[in-house]
Every structure is written in C-alpha cells, then in structure tokens.
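If you want the building blocks of each chain, they are given just below.
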Amino acid sequence: MYALRRSARIAAITGAAVLMAVTGMATPAQAAEGTFFYTRADTGAETFLGSTPTGPCLAVPGGARQATNDTDSDARLYTNSSCTSSSRFLGSRQSDDYAAPFPTFVKFG
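Every value quoted in this text rests on a predicted model; they were computed, and no experiment measured them.

## Some thoughts on the environment of L58
Structurally, L58 is set in strand 3 (residues 58-59). Sequence spacing of L58 and V106 is 48 residues, and the spatial spacing of their C-alpha atoms is 5.2 Å.

In structure tokens:
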C-alpha cells in the first residue's frame, strides 16, 4: 500500500514538472508597454511601431532620423537585421536624433 501511494506521488510530481516546463516554454515574449515613435529618414513622415515585443530584432521601415521610445523598456537601435551592428541606446521615455547610417532595426529589453 505504501509503495502504491509513493508511486502515485512520484507520478503526480513528475507530471506537474512536465506541465510547468511545457507551459513555461509556450509563453509568448512580453511586450514593452507603450509606443515607439520615429521620423522616417527616407520620407520624413512621423510613424510608429504597432507591436513592441521584448527580445526580437524588429524592422524600422525607412530608418529612423529621430526616435522617441515612449515604452517602459529600454531599446537599442541597429543598422543591420541581425541586431549585431554597433547599437545606439535609447532609454525608456527618451528621444534622440540620428545621422546616417540611420538605424533600421530596434530591439527592446
């Protein structure tokens, strides 16, 4: 009887651990709350990024001549799509102006 209860307890603990591991991996990237505004370097139009998840390298169409990070997360702006070029830091709730080569990608977090 004791061995049966012990086996059931081990199975329950193992199942809970597997469930926590699977659901932990399935959670989506957290988004930076707020909006990232920028002035396009190619057209001078004011625009913004609609989704600002933390982690992935996001395209900034047209490049940023000026940017305002009105999110709750710091950002780094890059000139390449792998977000590995020398970065330019833009803290939460800060703005900055840029010269060529204009940043064309941003990463939050």
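## Quick notes on the pairing of strand 2 (residues 46-49)
Pairing of strand 1 (residues 34-40) with strand 2, which is carried by four bridges, proceeds in the antiparallel orientation. By the bridge assignment, F36 is partnered in strand 2 with L49. In this structure, the hairpin formed by strand 1 and strand 2 is closed by a connection of five residues, where G44 is found at a positive phi of approximately 80 degrees.

## Some thoughts on the state of the cysteines
This model, assessed by the stated rule, comprises one disulfide. Each disulfide pairs two cysteine sulfurs, and for C57 the partner residue is C83, the sulfurs being separated by 1.9 Å. Linking C57 and C83, the disulfide has an S-S dihedral of approximately 75 degrees and is accordingly described as right-handed. One end of the pair, C57, is in the loop between strand 2 and strand 3; the other, C83, is in the loop between strand 5 (75-78) and strand 6 (88-90), with 26 residues separating them in the sequence. On the accessibility criterion, C83 (7% relative accessible area) is buried.

## Things to note about the sheet that holds strand 2
Strand order in this open sheet of four strands is 2-1-4-7, and the pairing throughout is antiparallel. With one partner strand each, in any of the chains shown, strand 2 and strand 7 (94-97) form the two edges of the open sheet. Taken pair by pair, the neighbouring strands of this sheet meet at an average axis angle of 20 degrees, ignoring direction.

## Concerning the pattern of salt bridges
Per the stated rule, a full pass over the model turns up two salt bridges. Among the salt bridges present, the one from R40 reaches D42, with a minimum N-O distance of 2.8 Å. Judged by its relative accessible area of 23%, R40 is partly exposed. Measuring nitrogen to oxygen at the nearest pair gives 3.1 Å for the salt bridge that ties R93 to D70. Taken together, the residues R93 in the loop between strand 6 and strand 7 and D70 in strand 4 (residues 64-71) connect sequence positions 23 residues apart.

## Examining the environment of S82
Relative to the helices and strands, S82 resides in the loop between strand 5 and strand 6. Measuring from C-alpha to C-alpha, the distance between S82 and F105 comes to 8.5 Å, with 23 residues separating the pair along the chain. At 3.1 Å, the side chain of S82 forms a polar contact with the side chain of N80. Within the local environment of S82, its side chain forms a polar contact with the side chain of T84, the two groups lying 2.9 Å apart.

So, how was this worked out
- Residues numbered from 1 in each chain as written.
- Predicted model: local features only at pLDDT ≥ 70, side-chain atom pairs only at ≥ 80, totals over all residues.
- Heavy atoms only, no water.
- Helix = DSSP H or I, 4+ residues; strand = E, 2+ residues; numbered from the N terminus.
- Pairing = 2+ DSSP bridges.
- Disulfide = S-S within 2.5 Å.
- Buried < 20%, exposed > 50% of the residue type's maximum accessible area, 1.4 Å probe, protein only.
- Axes fitted to C-alpha atoms, helices over the stretch in contact; angles between N-to-C directions.
- Salt bridge = Lys/Arg side-chain N within 4 Å of Asp/Glu carboxyl O.
- Polar contact = N/O pair within 3.5 Å; in protein donor to acceptor, adjacent residues only side chain to side chain.

Note that every value here comes from positions in space, so none of it alone points to a role or purpose.
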